[in-house]
Amino acid sequence: MLLPSTPPLSLLLIIFLHNLPPYMEARPAPEFASKQLTETTASNYYHYHDHNRFLNSRRGSHVSGLSVIKKYFHYFGYLTSQDYDVSDDMFDAPLESTVIYYQSKLGLQVTGKLDFDTLSQILAPRCGVPDAGSSPTLHATKNYVYFPGKPRWARPIPMTLTYGFSPDNMIHYLSSSDIRKTFKRAFSKWESVIPVRFVETDDYGFADIKIGFYAGDHGDGEPFDGVLGILAHSFSPESGRLHLDAAETWAVDFEVEKSKVAIDLESVAVHEIGHLLGLAHSPVKGAVMYPSLKPRVKKVDLSLDDIQGVQSLYGTNPNFTFSSSLESDTSANPAVGSRFEPSLWAMSMLLAACVCM
Ligand SMILES: [Zn+2]
Ligand SMILES: [Zn+2]
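The shown structure was predicted, so the numbers you read here are calculated from the model rather than taken from an experiment.

Conventions adopted
Residues numbered from 1 in each chain as written. Chains lettered and ligands numbered in written order. Predicted model: local features only at pLDDT ≥ 70, side-chain atom pairs only at ≥ 80, totals over all residues. UniProt positions renumbered as here; feature names shortened; annotations may be inferred. Helix = DSSP H or I, 4+ residues; strand = E, 2+ residues; numbered from the N terminus. Contact = placed C-beta atoms within 7 Å. Buried ≥ 20, exposed ≤ 12 C-beta atoms within 10 Å, placed from the backbone. Core = buried A, V, L, I, M, F, W, Y, C linked by C-beta atoms within 7 Å.

Draft legend 1. View of the UniProt feature "binding site: Ca(2+) 3" (unreviewed entry) in the protein. Those residues carrying the UniProt feature "binding site: Ca(2+) 3" (unreviewed entry) are D225, G226, D245 and E248 in this numbering. These annotated residues cover 24 residues of sequence, but their C-alpha atoms sit close together, with the largest distance between any two at 9.6 Å. Relative to the elements of secondary structure, D245 occurs in strand β6 (residues 241-245). Not counting residues up to four positions away in its chain, the partners in contact with D245 are F224, I230, L231 and A232. Counting through the fold element by element, E248 comes out in the loop between β6 and β7 (249-251).

Below, the structure written as structure tokens:
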């Protein structure tokens, strides 16, 4: 099976709700005071210092600084018209359509305005890979999404993929052993549902999947942005590159790592491996392929949506049963209920127009 090579899928961008506690769903007064905006990279749009002013803005609003939101949408593939100027602060019709599309894509209530949940989602830590994937009309009753061209590893099934860690691009506050064990668990999540084996190799140069931690601009056109914001990025098949932002506080055990900005390495690894296999972002909040992940949250179990998505690319592992998977899933993932939400593809045509990443 021949597959088109796909451009970099950019960043696992985890936007950070600075100082936002994990109990945010309880709807405290919005607290968006955050970092200063530095527009040196596209990924820093989150770090605008005063997001409160955008709350509940809607079509017709003119809010100083709103262009930051437009640039955010542009960066993640929601506002891709070349004619559209993202530099002004007017909440115009295209922005309203974009907000509706964004809300649809991420399973939010579709209001067309920057309501609390939408603004919170924009500010939340998330994956930097653009959300625009292939047309949802390919599988209108499903939620999972592929990359344009539906690339996958084109090898006979069952296949083995090797992975290696960059000897020169590791972090040192976690032991190499802990990092390796964490990735082994992450790979095993996918391995258990599809007929693909992942084997670590010491021969990094020849590994199918190359994993490393990088800081700032590291030569692939998708610079990392420091603490939070972008956490990592990966590339669609068959690139195999999986890059993590070295500036994050990566954790393998929240009992040991107490930082409130700590990010669970295994959760991000599971998500990024999904990209390496060919899955784009899912609108299902309980899916590991949902683009955002809050600090100090662990989400490592594949949802039904993730499983169906990857199995439609590679087939089913003969040892896999849905019941066993869902049992462990249900016990380990408190978000299990949300994965059965119907998708809200209200702007599916707009999505189709945005798959040019
Ligand atoms: Zn992602
Ligand atoms: Zn990179």
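Having put the structure on the table, let's press on.
Draft legend 2. Broad picture of the environment of K298. Looking at where K298 falls in the secondary structure, it is placed in the loop between α5 (265-277) and α6 (304-314). For K298, a count of 17 C-beta atoms within 10 Å puts it in the partly exposed group. Residues K298 and F254, 44 residues apart in the sequence, show an inter-C-alpha distance of 9.2 Å. Here K298 is in contact with D264 and S267, once residues within four sequence places are set aside.

Draft legend 3. Region of the structure containing the UniProt feature "binding site: Ca(2+) 1" (unreviewed entry) in the protein. Residues annotated by UniProt as "binding site: Ca(2+) 1" (unreviewed entry) correspond here to E248. For E248, a count of 28 C-beta atoms within 10 Å corresponds to the buried category. Other than its neighbours up to four places away in sequence, E248 contacts V227, L231 and I263.

Draft legend 4. Looking closely at helix α3 (residues 116-123). Most of α3 is tucked away: six of the eight residues are buried. Every buried residue of α3 is accounted for by T118, L119, S120, Q121, I122 and L123. Looking at the buried side of α3, the elements it contacts are α1 (67-75) and α2 (93-105).

Draft legend 5. Quick peek at the nonpolar core. Residues F187, W190, V268, A269, I273, L279 and V310 are the most contacted members of the largest nonpolar core, which totals 50 residues. Examining the composition of this core, we find that seven residues originate from one element, α5, more than from any other. When residues no more than four places from it in sequence are discounted, the contact partners of F187 are Y163, F198 and I273. Grouped together as the second largest cluster of nonpolar side chains are 21 residues, V68, I69, Y75 and Y102 included.

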